[in-house]
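# Working through the structure, step by step
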Amino acid sequence: MSNVPADLRFLKSHEWARLEADGTITVGISDHAQQALGDLVFVEAPEPGRHVNAGEAAAVVESVKAASDVFSPVSGEVVASNADLGGQPELINQDPYGAGWIMRVRPDDKAQFASMLDAKAYAAALAAETH
Amino acid sequence: MGLRTPLFDTHVAAGARTVDFGGWDMPVNYGSQIEEHHAVRRDAGMFDVSHMCVVDLRGDRVREFLRRLLANDVAKLTQPGKALYSCMLRDHGGVIDDLIVYYMDDHWYRMVVNAGTRDKDLEWLREVAAGYGVAVEPRTDLAMIAVQGPDARQKAASVIDPAIARRALEIEPFFGIDAGSLFIARTGYTGEDGFEIMLHADQAVAMWQKLREAGVAPCGLGARDTLRLEAGMNLYGNDMDETTSPLESGLGWTIAWEPQDRDFIGRGALAAQKASGDTRKLVGLLVEGRAVLRSHQKVMVPAVGEGEITSGTFSPTLQRSIGFARVPAKTGDRCEVEIRGRLVAARVVRPPFVRNGKVAIAL
């Protein structure tokens, strides 16, 4: 079974988001997503300074098996992306909610974060998907 | 629910992720596909290949039958146990399947065909065999475990009956022995040394567990695919099928044109295709940058034409993407591949990419 931390918000497309103390939002892919993709080999994260829209493919994660878009859950400016993933894409496999974070976005509108699935709803979506 | 091998529960208990493969529920990995890949390149790994279909062919005219059936010539097999890789063709030259056939004695050959093509293969075998009085017997009672890697033979030998083990370690490459309860062949699909072991289905779990205790890593179909691609080996359904001939599939070397009077099925079509010179070819590709080749991506060859990726992956050994592409015959040493809307440069190389743990192309 995959890990779904209670303090995070999710998209049905398997991104997670965490609201940081400074108001920015950290984004990554869920444990379920990394398990389904298998060993990651490349990550293309957005350049800081780029403006992304909610629902826009902001990053690409590529595993041995397949490439997959990572959708930004919120509109806003990318303030950081995880440079460690360039040399160690496997951080996403090893620690999807920690060292495997992908990008940090300063949201234009905080309400978008609040409208994401909570952990319970995401876990229910996962259960529905696998049955 | 798909078909299951005798090892299915063992895989699930070991934490395997399973996928459908040719109608079978098979392990794709047990955690990390890349670690499984490296285990085979550096030490020893094992694959459940019980989904593959072992077929015994028996009859007084079995050699004559196989010389008609196969594009490669079993007359090359003069020593008992020797194996041959061949395509089995339709009259129009399309590949029904690729297979390995072992010459056991003058009345008995053993064939191993793919899982996904099993039904049509058996139908075709029986249709052609009828004219030769050859009995076609699928050995559904057998399981098969491939143990592959530089340490695979020693590790496998350590867990089998010592008398059989002594014989097993003397098997030459591309030979098999029938050792009663075990059929052991020095063959594989990874580019490494190793054995493929056929045994009764009810012995499979015990053998798997003994191999595991001997330090052989369970490996799934994911690693099997990256290993075979690095080794430059085709996958039926990806790299060739009934719409492509061996000449267009990098398998010209498996066609035995001599003797000229051997009338194998598909010969006329292949000869016509060869004479026309207008064939496509299957080449190896190495990507220069950070992008991964996948099946069906479009290949552009400037001033020559277009082609298609038939298999592609990230190579764990090379840390680059590699693949096969079917391209026009005049393709030179460079091309471009359309990957997610971008054109990515790739170099045409001659497979294998990796053999016996070593990089076999210029990077």
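As the structure is a prediction and not an experimental result, all values here were calculated from the model.

## So, the overall build of chain B
Per the secondary structure count, chain B includes nine helices and 21 strands. Its C-alpha radius of gyration of 20 Å places chain B within 12% of the 21 Å reference for a compact globule of 363 residues. Along the first, second and third principal axes, the C-alpha atoms of chain B reach 60 × 50 × 40 Å. Here chain B, with 363 residues, has 47% of them falling under the buried criterion. Considering only contacts in chain B between residues 6 or more positions apart, those separated by 24 or more positions represent 67%.

## Here's the deal with the pairing of strand β2 (residues 24-29) of chain B
For a regular strand, the rule is simple: side chains alternate between the two faces of the sheet. Residues and elements named next belong to chain B. Counting buried positions along β2 yields five of six residues, so the element is predominantly enclosed. Sheet topology note: the strand β1 (residues 17-21)/β2 ladder contains five bridges and is antiparallel. Bridge assignment links Thr-18 to a residue of β2, and that residue is Pro-27. Linking two consecutive strands that pair antiparallel, namely β1 and β2, is a turn of two residues; a positive phi of about 60° is found at Gly-22 within it.

## What to know about helix α2 (residues 33-42) of chain B
Residues and elements named next belong to chain B. Within α2, seven of the 10 residues are buried, which leaves it mostly tucked inside the rest of the structure. For α2, every residue scored as buried is listed here: Gln-33, Ile-34, Glu-36, His-37, Ala-39, Val-40 and Arg-41. Among the structural elements, β2, β3 (45-48), β9 (142-148), β13 (217-218) and α8 (221-230) are those in contact with the buried residues of α2.

## Some points on the interface of chain B and chain A
Chain B puts 11 residues into the contact, and the matching count from chain A is eight residues. Only α2, α8 and β16 (305-315) of chain B provide two or more residues apiece to the side of chain B that touches chain A. When grouped by side-chain class, the residues that make up the side of chain B that touches chain A number three nonpolar, six polar and two charged.

## Describing the domain arrangement of chain B
Residues and elements named next belong to chain B. Once the domains are mapped, chain B shows domain 1 (1-276) and domain 2 (279-359). Between the C-alpha centres of domain 1 and domain 2 there is a distance of 26 Å. Taken together, the 22 residues of domain 1 in the interface contact 22 residues of domain 2. Only α2 and α8 provide two or more residues apiece to the side of domain 1 that touches domain 2. A per-element tally of the side of domain 1 that touches domain 2 places α2 first, with five residues. Partitioned by chemical class, the residues of the side of domain 1 that touches domain 2 number six nonpolar, nine polar and seven charged.

What counts, and at which threshold
Residues numbered from 1 in each chain as written. Chains lettered and ligands numbered in written order. Predicted model: local features only at pLDDT ≥ 70, side-chain atom pairs only at ≥ 80, totals over all residues. Helix = DSSP H or I, 4+ residues; strand = E, 2+ residues; numbered from the N terminus. Rg over C-alpha atoms; globule rule 2.2 N^0.38 Å. Buried ≥ 20, exposed ≤ 12 C-beta atoms within 10 Å, placed from the backbone. Contact = placed C-beta atoms within 7 Å. Pairing = 2+ DSSP bridges. Nonpolar A, V, L, I, M, F, W, Y, C, P; charged D, E, K, R; others polar. Domains from an automatic or database assignment.

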